[in-house]
Amino acid sequence: MNNFQSSSGILCDRLCGRLPRIAAAVLLLTAMPALAQQPAAGRVKVASGAAFIVRGGNAVPVRVGDAVYQSDGLRTGTDGRIGITLNDDTRVSLGPSSEVSLDRFAYAPAEGQLGFVLRVVRGVAAYVSGRIAKLSPDSVHLETPAAIVGVRGTTLALRVVPE
């Protein structure tokens with residue numbers, strides 16, 4: 001065996017042992033810019049008790065000021081409450097033992113991109129319409145397991161009890 005073969009074998013052993021960590025780091029770094037480039041849909045204004053943002057399948061305890069993105073979920077425990085204000089001034093509040101998903105949020109009036117879809121999975125959610133509902137009422141939907149509510153600029157509360 002020559003010097004090249006023995007040193008390349010050592011190099012391969014070192015790299016191959018680190019390969020899973022290197023691959024994970026590359027995947028993480030390539031995924032981060034996508035989230036960083038996505039503008040926040042809004043911010044958490046009120047949070048108390050057991051309250052979480054569910055992002056990418058991970059539940060993270062929520063803090064006042066945290067950004068909320070399209071496709072985030074919000075979940076509260078038996079003593080939890082969350083209040084968010086979105087960029088168009090839509091307000092959503094959750095009571096205890098509640099869960100919603102912000103399935104769509106588009107607020108770019110100059111480009112004609114307006115849309116809001118909130119899926120209420122369980123619990124109590126209060127909604128106060130913002131500018132999307134005023135500019136494009138047909139693009140606002142509140143979904144529950146049993147119904148889809150079209151909003152024409154209003155304030156409402158929903159209670160969803162899972163079967």
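Q: Whenever I open this one, the overall build of the protein chain confuses me. Can you help?
A: Each helix and strand in the protein chain was counted, giving two helices and 12 strands. The linear arrangement of helices and strands in the protein chain, starting from the amino end, is α-β-β-β-β-β-β-β-β-β-α-β-β-β. Of all 163 residues assigned to the protein chain, the portion counted as buried reaches 34%. Once local pairs closer than 6 in sequence are excluded, the contacts in the protein chain between residues at least 24 apart make up 50%. Carbon and sulfur atoms form 58% of the exposed surface of the protein chain, whose accessible area is close to 9,800 Å².

Q: I keep staring at the nonpolar core and nothing clicks. Help me out?
A: It is characteristic of soluble globular proteins that their nonpolar side chains tend to be buried jointly. Ranked by size, the top nonpolar core spans 29 residues in total, and within it Ile84, Leu102, Phe116, Leu118, Tyr127 and Leu142 carry the most contacts. For this core, the secondary-structure elements that each account for two or more residues are strand 2 (51–55), strand 6 (81–86), strand 7 (91–94), strand 8 (99–108), strand 9 (113–128), helix 2 (131–135), strand 10 (140–143) and strand 12 (155–160). The dominant element in this core, judged by the number of residues it contributes, is strand 9, at six residues. Not counting residues within four places of it along the chain, the set of residues in contact with leucine 142 comprises Phe116, Leu118, Tyr127, Ala147, Ile148, Val149, Val151, Leu156 and Leu158.

Reading guide: rules and limits
- Residues numbered from 1 in each chain as written.
- Predicted model: local features only at pLDDT ≥ 70, side-chain atom pairs only at ≥ 80, totals over all residues.
- Heavy atoms only, no water.
- Helix = DSSP H or I, 4+ residues; strand = E, 2+ residues; numbered from the N terminus.
- Buried < 20%, exposed > 50% of the residue type's maximum accessible area, 1.4 Å probe, protein only.
- Contact = heavy atoms within 4.5 Å.
- Areas by Shrake-Rupley, 256 points an atom, 1.4 Å probe, with all protein chains shown as cover.
- Core = buried A, V, L, I, M, F, W, Y, C linked by side-chain atoms within 4.5 Å.

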